Amino acid sequence: MIEILNVSHRFGDRLVLDNITLTLGEKRIGVVGGNGSGKSTFARLLNALVVPSQGRVLIDGLDTRREAKAIRRKVGFVFQDPDAQIVMPLVEEDIAFGLKNLKLPKPVIAGKVNEVLDRYRLTHLRHQHTHTLSGGEKQLLALSSVLVMQPEYIVLDEPTTLLDLRNKRMMQKVLAGLDQRAVVISHDLDMLDGFDRVLVMHEGRIVADGPPKAAVPAYVRMMDGLE
Amino acid sequence: MSFGLYIERQSPLHRLAPSVKLAALLAAGIGVFLVRDPLWLLPVLGMVGALWAVAQIPMRQAWRQLRPLAVLMLLFLLVHGWLTSWTLGFLVVLRFAILVLAAFLVTTTTRLSEMIETLERAMAPLTRFGVNPAKVSLALSLALRFIPLLYDRVREIREAQRARGRERSIVSIAVPLLVRTLRMANDLTEALEARGFDGTVTADAPKPPKPRR
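Residues numbered from 1 in each chain as written. Chains lettered and ligands numbered in written order. Predicted model: local features only at pLDDT ≥ 70, side-chain atom pairs only at ≥ 80, totals over all residues. Heavy atoms only, no water.

## Quick word on the overall build of chain A
So, step 1. A count of helices and strands for chain A gives 8 helices and 10 strands.
So, step 2. Taking the principal axes of the C-alpha coordinates as reference, chain A spans close to 50 × 40 × 30 Å.
So, step 3. The buried share among the 227 residues of chain A stands at 57%.
So, step 4. If you sum the accessible surface of chain A, you get close to 9,600 Å²; carbon and sulfur atoms cover 49% of it.
So, step 5. Of the side chains in chain A, 30 bear a positive and 28 a negative charge, and the two mean positions are spaced by 5 Å. (Helix = DSSP H or I, 4+ residues; strand = E, 2+ residues; numbered from the N terminus. Buried < 20%, exposed > 50% of the residue type's maximum accessible area, 1.4 Å probe, protein only. Areas by Shrake-Rupley, 256 points an atom, 1.4 Å probe, with all protein chains shown as cover. Lys, Arg positive; Asp, Glu negative; His and termini not counted. Charge placed at Lys NZ, Arg CZ, Asp CG, Glu CD.)

Written out as structure tokens, the structure is:
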């Protein structure tokens, strides 16, 4: 369970999140909003990458202000640009990176890496240099490198924005099959169709909250009204 | 863009322990500077070439690694030939070629994770002087990961500036590159945090499954 309690956040003088209170228990939660609405900052709250200026964020009772390390084991984070997330030169080395940070024994790391490579059909790319991968392969690698850590929650910040239609569909299929609870920041409204709940953000506040059938049209109306 | 990074093959050199390869490279580095006759270095160069064949790396690949440095070597040769002697020029160029090819041979036959593991072990005694082997090895990994990425960014920016008719302005490339690099560094810091890096890792690498026959 994710609890966001009276959370506000400022970057300097700019208020980017304005007194948000939410409880997130659904398996698939989408977050939509215009540019600068606070979506990415909201996503970063959930992995303790951003600690709120005011209020508290609790992940299964753990406070992001004090338990960042434990929370990062629980909550995986996939960035919009996979190039920002991939830190190792080879595919298999990048998948192993997070496991090495947990100081797991070598055979355990090897087993988990092989399993993830196999599950996401990346085995043929295991020795490939990460900078030579296509956009879709990079995004899949970024996701696999997070999933290999077996997080309980996964937060994805616009995972399909940089992808073409084929890779977008592939990513949607992978996301649909995930066991984890997922919070997905997205501009892709079609993607939110099968979700349990959609939050609409505007100027740092949640202005609509409900099932996709109600929240997405509210978002579209809001964006039309801003034109 | 290639920087002599790992190429997967099933060769004896790939199976050789990284520590042995690095020690041999160090020995070669010292050895070539002890030899003063270029004629003695020719068979050494041939031997390094043979090792490339043993490693099953095509000569085309070796040439691709060496090609960007060929101009530099030609410059060395000409400067030495003009200012000192052609013999010294050939000696310098042969030393350089042997070392570059040997170093590339080590990097193309050794996984980075194995190399880092070896370097971390070698650096372990330095921890008492405040050196953090995990951070040093991460810096090395990140350099190898991000140099090609930065090269791509430079190419993108150059294309964008060319489209705007500012082909020869260094400032118009350097400023956006600096901004993008700083942003990339910021994103990378977040990614390292999100992926649990705390600077205390000891190197460990996954072993690939045995090839199916």
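What follows continues from the structure just given.
## Considerations on the overall build of chain B
So, step 1. Regarding its fold elements, chain B presents 8 helices and 0 strands.
So, step 2. Secondary structure elements of chain B, listed N to C terminal, follow the sequence α-α-α-α-α-α-α-α.
So, step 3. Along the first, second and third principal axes, the C-alpha atoms of chain B reach 55 × 50 × 50 Å.
So, step 4. Scored against the burial criterion, the 213 residues of chain B give a buried share of 38%.

## Regarding the domain arrangement of chain B
So, step 1. Domains assigned within chain B are domain 1 (12-110) and domain 2 (132-194).
So, step 2. When each unit is reduced to the centre of its C-alpha atoms, the spacing between domain 1 of chain B and domain 2 of chain B is 30 Å. (Domains from an automatic or database assignment.)

## What to know about the packing of aromatic side chains
So, step 1. Inspection of every chain in the model, using the stated rule, returns 3 aromatic pairs over all chains.
So, step 2. Arranged with centres 4.7 Å apart and planes meeting at 55°, the rings of Phe77(A) and Phe79(A) form a pair that is tilted.
So, step 3. Its relative accessible area of 2% is what places Phe77(A) among the buried residues.
So, step 4. Measuring from centroid to centroid gives 6.1 Å for Phe97(A) and Phe197(B), while their planes differ by 20°, and the two rings are stacked. Placement of the pair is Phe97(A) in helix H4 (residues 91-101) and Phe197(B) in the segment after helix H8 (170-194), with the two residues belonging to separate chains. (Phe/Tyr/Trp six-rings, centres within 6.5 Å; stacked < 30°, edge-to-face > 60°.)

## A look at a nonpolar patch on the surface
So, step 1. Side chains of Leu72(B), Leu75(B), Val79(B), Trp82(B) and Leu83(B) sit close together on the surface and give an oily, nonpolar patch of about 560 Å² of accessible area.
So, step 2. Leu83(B) gets classed as exposed once you look at its relative accessible area, which sits at 60%. (Patch = residues over 30% accessible without salt bridge, like charges linked within 9 Å, V, L, I, M, F, W, Y side chains within 5 Å. Salt bridge = Lys/Arg side-chain N within 4 Å of Asp/Glu carboxyl O.)

## Looking at the pairing of strand E8 (residues 181-185) of chain A
All names here are of chain A.
So, step 1. Across the 5 residues of E8, 4 count as buried, placing the element largely inside the fold.
So, step 2. Across 4 bridges, the pairing between strand E3 (residues 28-33) and E8 is parallel. The partner of Arg28 across the bridge, within E8, is Ala182.
So, step 3. Two elements, strand E7 (residues 153-157) and E8, share 5 bridges in a ladder whose sense is parallel. The residue bridging Asp157 from the neighbouring strand is Ile185, located in E8. (Pairing = 2+ DSSP bridges.)

## So, the side chain of Asp188(A)
All names here are of chain A.
So, step 1. Considering the arrangement of structural elements, one finds Asp188 in the loop between E8 and strand E9 (197-202).
So, step 2. One buried charged residue, Asp188, forms no salt bridge at all, with the nearest opposite charge on Lys168 at 4.3 Å.
So, step 3. Within the structure, Asp188 has its side chain in polar contact with the backbone nitrogen of Asp190 (distance 3.3 Å).
So, step 4. Leave out the neighbours within four places in its chain, and Asp188 touches Thr160, Lys168 and Gln172. (Polar contact = N/O pair within 3.5 Å; in protein donor to acceptor, adjacent residues only side chain to side chain. Contact = heavy atoms within 4.5 Å.)

## Focus on helix H6 (residues 112-123) of chain B
All names here are of chain B.
So, step 1. Compared with the 16 Å implied by 1.5 Å per residue over 12 residues, the 16 Å span of H6 between its first and last C-alpha is a close match.
So, step 2. Across the 12 residues that make up H6, a large majority, 9, are buried.
So, step 3. Looking at H6, one finds that the buried residues are Leu112, Ser113, Glu114, Met115, Ile116, Glu117, Thr118, Glu120 and Met123. (Expected span 1.5 Å × (residues − 1).)

## A few points about the sheet that holds E8(A)
All names here are of chain A.
So, step 1. Spatial strand order, E6-E7-E8-E3-E9-E10: 6 strands in an open sheet with mixed pairing. Of all strands in the sheet, those with a lone pairing partner are strand E6 (75-78) and strand E10 (205-210), marking the two edges. For this sheet, the mean inter-axis angle between neighbouring strands, taken without regard to orientation, is 15°.
So, step 2. Packed on one face of the sheet, helix H8 (residues 212-226) meets E3, E9 and E10 and runs near 20° to E9. (Axes fitted to C-alpha atoms, helices over the stretch in contact; angles between N-to-C directions.)

## Thoughts on the environment of Ala97(B)
All names here are of chain B.
So, step 1. Residue placement: Ala97 occurs in helix H5 (residues 86-109).
So, step 2. Each C-alpha atom, one on Ala97 and one on Leu138, is 29 Å from the other, the two residues being 41 residues apart in sequence.
So, step 3. Dropping the residues within four chain positions of it, Ala97 is found in contact with Leu45 and Met73.

## What about the packing of helix H6 (residues 135-147) of chain A against helix H7 (residues 165-176) of chain A?
Residue and element names in this part refer to chain A.
So, step 1. Between H6 and H7, the least distance of the axes is 10 Å, while the angle of their chain directions is 20°. Between H6 and H7, the angle falls in the class roughly parallel. Helix-helix and strand crossings are classified by hand; for H6 and H7 the assignment is right-handed. Along the contact surface, H6 presents Gly136, Gln139, Leu140 and Leu143, while H7 presents Asn167, Met170, Met171, Val174 and Leu175.
So, step 2. Partitioning the contact of H6 with H7 into residue classes produces 6 nonpolar, 3 polar and no charged. (Parallel < 35°, antiparallel > 145°, perpendicular 65-115°, else oblique. Left-handed = near helix turned anticlockwise from the far one by under 90°. Nonpolar A, V, L, I, M, F, W, Y, C, P; charged D, E, K, R; others polar.)

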